[in-house]
Amino acid sequence: MNDVLNESNQIAQPEVTSTQLSDALSERYLTYALSTIMHRALPDARDGLKPVHRRILFAMRGLKLDASGAFRKCAKIVGEVMGNFHPHGDKAIYDSLARLAQDFNVRYPLVDGQGNFGNIDGDNPAAQRYTEARLTKVAEYLLEGLSEDAVDFRDNYDGREKEPVVLPAGFPQLLANGSSGIAVGMATNIPPHNVSELCDALIHLIAHPNATVDKLVDLIKGPDFPTGGVIVEEVSSIIENYRAGRGSFRLRARYEVEETSRGMWQIVVSEIPFQVQKSKLVERVADLIIDRKLPALADIRDESDEEIRLVLEPRARTVNPEVLMESLFKMTELETKFALNMNMLVDGVTPKVCSLSETLNLFLNHRKEVLLRRSAYRIKKIDGRLEILEGYLVTFLNLDDVIGIIRYSDNPKLDLIKRYELTETQAEAILNLRLKALRQLEELALKQERDKLLIERTVLEDILDNEKSQWKLIKDEIRKLKEIFNNSDDFCKRRTTFGSRPKIDLLNAESTFEKEPITIVCSEMGWIRAMKGHIDLSSDLKFRDGDGPKIIVHALSTDKVLILGSNGRCYTIAASSLPGGRGMGEPIRIMVEMGNNVDVVELILFRGDGKELLASDSGNGFVVSHKDLEAQTRNGKKIFNVGADCLSFCKSIVGDHVACVSEGSKLLIFPISDLPELARGKGVRLQKIREGKLSDVKVFNLSDGLSWKMGKNKTRVETDLTKWLGRRASVGSNLPFGFPKTNKF
């Protein structure tokens, strides 16, 4: 008894091994990463499908849901896929199935859906119990040849079924419909293309295997998105994107200007960029109108039915349509960037970013492999049929004797083999003949079928032995595919066209809407707003608790506003985009990329001939023009190299001399012509400062004298300034009598 217990204890004890936690985690995470890359996120370069899509199509084929057949409930399809091939959640499978049927997401749908499969507004498909589906003709091209040993099969997840490793793919799915996915450490994003252009490129590549990307781009102009739109990208940029397999395409909405009554007009958007939800786009434009960030636009209406129709109404007839649309392109998803990342699984194993020519060659090589396997399979079938036909001919020539053997022999199969030197297969075929079929056995018909099969076998052997014949047959298949799609305008006609971006200064809004007087208010904490009309600059205005006025200027709604930051950068904002004056405004840091530790030094209205004097607190400075200050991006433009200092002063050039005051109570005056005019830099020394920093700077006319405030309503003017005139970068002399103790003008 003890021996039995000891033996059972020995069996029950598992073997314990020790390993580093980091090694165990690395091994398991690597397994997970490889699984995500190979079995979920990246498409196979050969058939352009991910495993879930491949399993959906294969399961639908098993359910006999052909393009000409009946529809079946999606719940049935999802259950078949999940139970036999894809042991994941039904929601993931149904989402993938629904997407394959959405003509606004897939250029050439693989699933023909019946019911609510979602829409371009972003609404979700109906539940799978309400929708039905079947395969499309395109999907049948992908599946054609599965029953002819065209590809390898493998066990499913539980070993009870077989599933294809890859589909035969008689259709260039990867480039025609594109693909997107995110794996571990890598991703893919391939746009859809026009299948007619792809066929032309494939035919050219067969004739010229070393064709360059430049030549292929002559045939494949660029992506062809299911929602249309206009690609505004240079040809050189498109070529470089396809050569590297990475890059981006700038895609815009398509619009037209329609004339309305009383000389007015409206803009009608008929196509929006790929994967942009129409409802969210309309909501975004409406928010811009409410926030007065698009003052030239009065209203937006969605008049879409089966076709997209977004109507944009301008505020006035004087608005320039191109400038208005350029503003919308910049501020909304009416213009998007499609990021190209042609990352795919080469031979289903190795992830690689491929160029356009490499991707096409991978498809052609797969088609060649499928052709060879199907030809070999067909030869095998022909050999089997020829063997049986020879047996049938023996039966025809010796019909009565064969019937006698079958009727009276104890072992007719063995006797037939011995009597007529038949193979076991031939004997089995003869024995399986029905009596009804005996009357159909005619020697001439059997010989005709045999001769026909022999001719077909010769052709197939030539295909297997001759590479030129292989490529000729593949070229014929591609030509036939193109002809089929050319007969369908919806599939063949290119939807996405190409254009160029007009060179329009968006900040020059004078051509966009009428000039209106406004008062720009900037607070100490950097909150900015634009109040209607020119109010009194000394008016009491409301500010947030702990905040107060810093800069208040009169302007026009067509002005550009230059904002100098203490970090030495200049930011440009259109006055028309400033928030209204009903509230407290918005932080400037939201409107431009300005750091939280950066202070607003000055706010200037752009003038074509304007110039400013910039100076740091250490006493360095230079003159810069407004044209050099103007920035084109939210990040601003680097103007002053501050180093360890900060930009502290910005003064308009409205005189011929500069007055500098240091914290050491020294005043220096010198001609403005002594300062250089730069577009960017640190400048030169304005005043030699022995103690502290530069306290204030002023530009004035020497003939008018130097003025400063004394008290609340009193100003003093000093006309005799000989004592303080000196060379630039000198110390200067003591401040004149009555100068403010703050050392500021």
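Anyway, here's the lowdown on the structure attached to this text. Quantities reported herein were computed from a predicted structural model and do not represent experimental measurements. (Residues numbered from 1 in each chain as written. Predicted model: local features only at pLDDT ≥ 70, side-chain atom pairs only at ≥ 80, totals over all residues. Heavy atoms only, no water.)

## Describing a positive patch on the surface
Inclusion rule: Residues enter patches when their relative accessible area tops 30% and they take part in no salt bridge; the joining distance is 9 Å for like charges and 5 Å for the nonpolar side chains Val, Leu, Ile, Met, Phe, Trp and Tyr. Shrake-Rupley sampling with a 1.4 Å probe provides the accessible areas, and residues are treated as covered by the protein chains on show and by no other component. Counted as salt bridges are all cases of a side-chain nitrogen of Lys or Arg within 4 Å of a carboxyl oxygen of Asp or Glu. Just so you know, the count uses Lys and Arg for positive and Asp and Glu for negative, and it drops His and the chain ends. We put the charge of a Lys on NZ, of an Arg on CZ, of an Asp on CG and of a Glu on CD. Strands here are runs of E lasting at least two residues and helices are runs of H or I lasting at least four, both read from the DSSP assignment and numbered beginning at the N terminus. The buried label applies to any residue whose accessible area, calculated with a 1.4 Å probe on protein chains only, is under 20% of its type's maximum; exposed applies above 50%, and partly exposed to all values in between.
A surface patch of positive charge is lined by Arg292, Arg315, Lys532 and Arg582. Relative to the elements of secondary structure, Arg582 occurs in the loop between strand S22 (569-574) and strand S23 (586-587). Given the relative accessible area of 89%, Arg582 is considered exposed.

## Some remarks on the sheet that holds strand S11 (residues 265-271)
Put simply, the test is: Being paired, for any two strands, means DSSP has found at least two bridges between them. Note on definitions: angles span 0 to 180 degrees between N-to-C directions of axes, and those axes are lines fitted to C-alpha atoms, for helices only across the stretch in contact. When checking whether two residues touch, look at their non-hydrogen atoms; a contact exists if any pair is within 4.5 Å.
Spatial ordering of the open sheet is given by S10-S11-S13-S12, a layout of 4 strands whose pairing is antiparallel. With partners counted over all chains shown, the strands left at the sheet margins are strand S10 (254-259) and strand S12 (297-302), one partner each. Going from strand to strand, the sheet's axes swing by 25 degrees on average, the running direction of each strand aside. Sheet contacts for helix H11 (residues 278-290): S12 and strand S13 (310-314); angle to S12, the most-contacted strand, approximately 160 degrees. Running over the sheet, helix H12 (residues 321-331) touches S10, S11, S12 and S13 and is turned about 45 degrees from S11.

## Overview of the packing of aromatic side chains
What characterises a pair of aromatic rings is the spacing of the ring centres plus the angle enclosed by the ring planes. The cut-off we apply is this: Whether two aromatic rings pair depends on their centres lying within 6.5 Å, for rings of Phe, Tyr and Trp, where Trp uses its six-membered ring; planes under 30 degrees apart make the pair stacked, over 60 edge-to-face, and the rest tilted. The rule is short: NZ of Lys or CZ of Arg within 6 Å of the ring centre and within 35 degrees of the ring normal puts a charge over the ring.
For the coordinates displayed, the defined rule picks out 14 aromatic pairs. Aromatic pair Tyr242 and Phe249: ring centres 5.7 Å apart, planes at 50 degrees, arrangement tilted. Since its relative accessible area comes to 0%, Tyr242 is described here as buried. Phe249 gets classed as buried once you look at its relative accessible area, which sits at 0%. Ring centres of Phe739 and Phe745 lie 5.3 Å apart, and the angle between their planes is 85 degrees; this geometry places the pair in the edge-to-face category. Its relative accessible area of 18% is what places Phe745 among the buried residues. Joined through ring pairs, the aromatic side chains of Tyr108, Tyr141, Phe171 and Phe485 make up one cluster. When the ring centre of Phe543 is taken as origin, the NZ or CZ atom of Arg529, which lies over that ring, is 4.9 Å away. Between the NZ or CZ atom of Lys560 and the centre of the ring of Phe606, over which it lies, the distance is 4.6 Å.

## Thoughts on the pattern of salt bridges
Scanning all chains against the criterion turns up 48 salt bridges. For Arg243, the salt bridge is made with Glu240, and the minimal N-O distance between the two is 3.0 Å. On the criterion of helical spacing, the pair formed by Arg243 and Glu240 is a turn pair, its members being 3 residues apart in helix H10 (residues 235-244). Residue classification places Arg243 among the partly exposed residues on the basis of a relative accessible area of 38%. Classification of Glu240 as partly exposed rests on a relative accessible area of 43%. The salt bridge involving Glu258 is made with Arg309; its shortest N-O contact spans 3.3 Å. Taken together, the positions of Glu258 in strand S10 and Arg309 in the loop between S12 and S13 put the pair 51 residues apart, joining distant regions of the chain. Residues joined in a network through salt bridges with shared partners are Glu258, Arg301, Glu303, Arg309 and Glu313.

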